[in-house]
Amino acid sequence: MDTSAAGSGAVAERGEEYLTLDALCEIAKLLTGASDPIACMPAVFGVLGAFMGLRHGALALLQEGAQAETVRNARHVNPYVIAATASGVPAAGAEARAIPAQVARHVFRNGVSLVSCDILEEFGAEALPPGLGDSRQALVAVPIRDQANSPFVLGVLCAYRSLKDNGARYLDTDLRVLNMVAAVLEQSIRFRRLVARDRDRIVQEAREAIRVAAEATAGPPVEAPAEALEGVIGSSPAIQRVIGQIRKVAGTHTPVLLRGESGTGKEVFARALHALSERRDKAFIKVNCAALSQSLLESELFGHEKGSFTGAVQQKKGRFEMAEGGTLFLDEIGEISLEFQAKLLRILQEGEFERVGGTRTLRVDVRLVTATNKDLERAVANGTFRADLYFRICVVPIVLPPLRDRKEDIGLLAQGLLERFNKRNGMKKKLHPSAVAALAQCNFPGNVRELENCIARVAALSPETVIHADDLACHHDHCLSADLWRLQTGTASPVGGLAQGPLELPVLGSRPPAAAPSAPPPPPAVPSAPLDGEAAEREALIEAMERAGWVQAKAARLRGMTPRQIGYALKKYNIRVEKF
Ligand SMILES: Nc1ncnc2c1ncn2[C@@H]1O[C@H](COP(=O)(O)OP(=O)(O)OP(=O)(O)O)[C@@H](O)[C@H]1O
């Protein structure tokens, strides 16, 4: 007896066993670690090839929703697609033949594996995928079921083995390995479909909630005009409806999510909500989540203990503690990182938190009001906003309409904002009806904030006590807002376009201040030379600052800059940051 030969055979077999195990380990790592198991199938086929010599692997999947049909008519196989191949090429053309149709149909229909010891002989040359030539091949195809022991077949996994060098002796192992891979795939695919379905449902429910809230805002007029709210100007049916919603929720402790474009008054309504609630005698605390880095936001909201980080020279209470018994308004909630979302979720779920660097668990009674102008449903769908946090904060969504959809408010707002300006600056400016009529034509892409800036600018610069239409920048083609609107919508603005030459903007630091209204400069003649790079950059900065209500962090985001960069740029161009 040739023991040495028997011994080397055993070693060879042991070697093959190890390779098989290695292959399974690698495949399990790939499939369990991937968020998209289908996307990593080319790598799985690569492992099957490298470790076990299996070639031309392919995965066919039933099209979603096709299952019920399959069950009803077992003779019929619903359309399936080649979802992945060893080459990773999307299923098209020749790739569509990656699994012989007869084989796929057999496995889908019968739910059992198929091993063909000679594919050419059994199914003919057309069953060979392109690239295998005339070499003799065996094929192993296994079902991927909906659940273990389920008759429903979701997909078919197959691979070819060359019959050269007595390749047929590996077919048993190949079948076992492919069945194991199919079992792991089953789990991953099922989980992925469940998550996708859940996500779709969440997004659909959220969209429905928003639609209902928006309809409530845009529906028929309310019968009696609601009583005015503190700080809120507006009598349009749309704003009256929002006021009605605020009044209703003010008596509860329910979290409210205020939604609407920038400058529509989300903070104004958050404050009004607090003023109407029984918490009115306690604090209203506001935090702009977009203006702070994650670590600053954490210490700002939760507070910190002395020495918890460099610069923490003493213990500091966080905004949650400061808002005890009152209202915490988290503006721009859509901007917080996933990591911070998890921290926020804990306090919302359990009402508990620890200060940064602290061990003592603190509890607070705070009413949460949040605001965003972001499409949070999309953020949930693409995984950048946690669905569980979304449902915590979006209990009552209130949608604030853009000013262009309630132009009837412009007159009242313009008057009210001018009064505010007069009070702050000790002036007695008035609006002539011609000015009100001109303002009422504007689309105000920056909403009430932009109207407020427009009023402050004209009030500061107009020569007379009475402001006429002719005093408005738009009447001299100096209105950036008009151009912004034109760029956003691709239409000509009803109040004129951007001037051809350098724009004379009434920005503090670049024009005489409001303290000298008696001698304002007349609108300058506009030369037609184009802006040079620096001038254009300066104008763009000023425009961004104006749109952002002179909040640097917001302007930075509009310009795609960091707050530090915008601070530097403002300094560089000598733009003084002041509010009117
Ligand atoms: N209905 C209103 N009545 C009076 N003033 C308003 C009204 N709506 C907005 N404003 C004024 O417009 C400016 C912008 O409002 P606010 O900051 O509340 O908007 P916002 O939607 O929170 O903006 P952002 O999303 O950019 O934070 C503020 O100065 C505010 O006083």
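Above this text sits the structure in question.
Now for a description of the structure that goes with this document.

The rules behind these values
- Residues numbered from 1 in each chain as written.
- Predicted model: local features only at pLDDT ≥ 70, side-chain atom pairs only at ≥ 80, totals over all residues.
- Heavy atoms only, no water.
- Helix = DSSP H or I, 4+ residues; strand = E, 2+ residues; numbered from the N terminus.
- Contact = heavy atoms within 4.5 Å.
- Polar contact = N/O pair within 3.5 Å; in protein donor to acceptor, adjacent residues only side chain to side chain.
- Pairing = 2+ DSSP bridges.
- Axes fitted to C-alpha atoms, helices over the stretch in contact; angles between N-to-C directions.
- 1 Å grid on protein atoms, 1.4 Å probe; cavity = no way out; pocket = protein on both sides within 12 Å on 5 of 7 lines; lining within 4 Å.
- Points joined across faces, edges and corners; volume = space filled by probe spheres on them.
- Nonpolar A, V, L, I, M, F, W, Y, C, P; charged D, E, K, R; others polar.
- Expected span 1.5 Å × (residues − 1).
- Buried < 20%, exposed > 50% of the residue type's maximum accessible area, 1.4 Å probe, protein only.
- Near = heavy atom within 4 Å.
- Areas by Shrake-Rupley, 256 points an atom, 1.4 Å probe, with all protein chains shown as cover.
- Sits in = over half its atoms within 2 Å of the grid points.
- Phe/Tyr/Trp six-rings, centres within 6.5 Å; stacked < 30°, edge-to-face > 60°.
- Salt bridge = Lys/Arg side-chain N within 4 Å of Asp/Glu carboxyl O.

A look at the environment of Glu354
Within the fold, Glu354 resides in strand S11 (residues 352-354). If near-sequence neighbours (up to four positions away) are discounted, Glu354 is found in contact with Phe302, Arg346, Thr359, Arg360 and Thr361. A polar side-chain atom of Glu354 sits 3.0 Å from a polar atom in the side chain of Arg346. At 2.8 Å, the side chain of Glu354 forms a polar contact with the side chain of Thr361.

Things to note about the sheet that holds strand S5 (residues 153-162)
Spatially, the five strands line up as an open sheet ordered S2-S1-S5-S4-S3, and their pairing is antiparallel. In the strand order of this sheet, the two ends are held by strand S2 (80-85) and strand S3 (114-116), each with one partner. If you compare each strand with its neighbour and ignore which way they point, the axes differ by 20 degrees on average. As paired elements, strand S1 (residues 55-62) and S2 share five bridges and run antiparallel to each other. Pairing of Ala60 across the sheet is with Ile82, part of S2. Most of the contacts of helix H4 (residues 101-110) go to S5, to which it runs at about 135 degrees, and overall it touches S1, S2, S3, strand S4 (137-145) and S5.

So, the layout of surface pockets
In this model, the largest pocket occupies a volume close to 1300 Å³. The wall of the largest pocket is formed by 49 residues, among which Ser262, Gly263, Thr264, Gly446 and Arg449 lie closest to the centre. At the level of secondary structure, the elements contributing two or more residues to the lining of the largest pocket comprise helix H8 (266-276), strand S7 (284-288), strand S13 (367-372), helix H14 (410-425), helix H16 (447-461), helix H17 (480-489) and helix H19 (552-558). Looking at side-chain class alone, the lining of the largest pocket contains 18 nonpolar, 14 polar and 17 charged residues.

Some thoughts on H14
Over its 16 residues, H14 extends 22 Å from the first C-alpha to the last, a length consistent with the 22 Å expected when each residue adds 1.5 Å. When we look at burial in H14, the residues that qualify are Ile410, Gly411, Leu413, Ala414, Gly416, Leu417, Leu418, Phe421 and Asn422. Positive phi shows up at Gly426, right after H14, with a value of about 60 degrees.

Thoughts on the side chain of Thr370
As for its placement among the helices and strands, Thr370 is situated in strand S13. Residue classification places Thr370 among the buried residues on the basis of a relative accessible area of 1%. Among all residues touching Thr370, those that are not within four sequence positions of it are Val256, Leu257, Leu258, Phe329, Leu330, Ile333 and Ile393.

Some points on unusual backbone geometry
With a phi close to 50 degrees, His56 is a non-glycine residue in the positive phi region. Within the secondary structure, His56 is located in strand S1. Residue classification places His56 among the partly exposed residues on the basis of a relative accessible area of 30%. Phi at Asp165 is positive, roughly 50 degrees, even though this residue is not glycine. Structurally, Asp165 can be placed in the loop between S5 and helix H6 (171-218).

Some remarks on the site of the ligand
Around the ligand sit 18 residues, and of these Ile233, Ser262, Lys266, Glu452 and Lys554 come closest. A distance of 3.2 Å separates an oxygen atom of the ligand from a polar atom in the side chain of Asp331. A distance of 2.6 Å separates an oxygen atom of the ligand from a polar atom in the side chain of Lys554. Here the ligand, which alone exposes 630 Å², has 93% of that area covered by the protein. Here the ligand is seated within the largest pocket. Looking at the shell around the ligand, the elements with two or more residues in it are H8, H14 and H16. Within the shell around the ligand, the residues separate by chemical class into five nonpolar, five polar and eight charged.

What to know about the packing of aromatic side chains
Geometrically, a pair of aromatic rings is defined through the distance of the ring centres and the angle of the planes. The final tally for this structure, using the stated rule, is six aromatic pairs. When the ring of Phe320 is compared with that of Phe353, the centres are 6.1 Å apart and the planes differ by 40 degrees; the resulting orientation is tilted. Residue Phe320 is located in helix H10 (residues 319-322), and its partner Phe353 is located in strand S11; the two are separated by 33 residues in the primary sequence. Side by side, Phe320 and Phe353 carry an identical accessibility label, which is buried. Among the aromatic side chains, those forming a connected cluster through ring pairs are Phe302, Phe320, Phe340 and Phe353.

Considering the pattern of salt bridges
Throughout the structure, instances matching the rule amount to 23 salt bridges. Between Arg161 and Asp174 there is a salt bridge, with its nearest N and O atoms 2.5 Å apart. With a gap of 13 residues between them, Arg161 in strand S5 and Asp174 in helix H6 connect regions that are remote in the sequence. Per residue, the accessibility class of Arg161 equals that of Asp174, and both read buried. Of the charged contacts, one joins Glu261 and Arg404 as a salt bridge, the two residues approaching to 2.5 Å between their closest N and O atoms. On the criterion of sequence distance, the pair formed by Glu261 in the loop between strand S6 (256-259) and H8 and Arg404 in the loop between strand S14 (396-399) and H14 is long-range, its members being 143 residues apart. Owing to a relative accessible area of 26%, Arg404 belongs among the partly exposed residues under this scheme.

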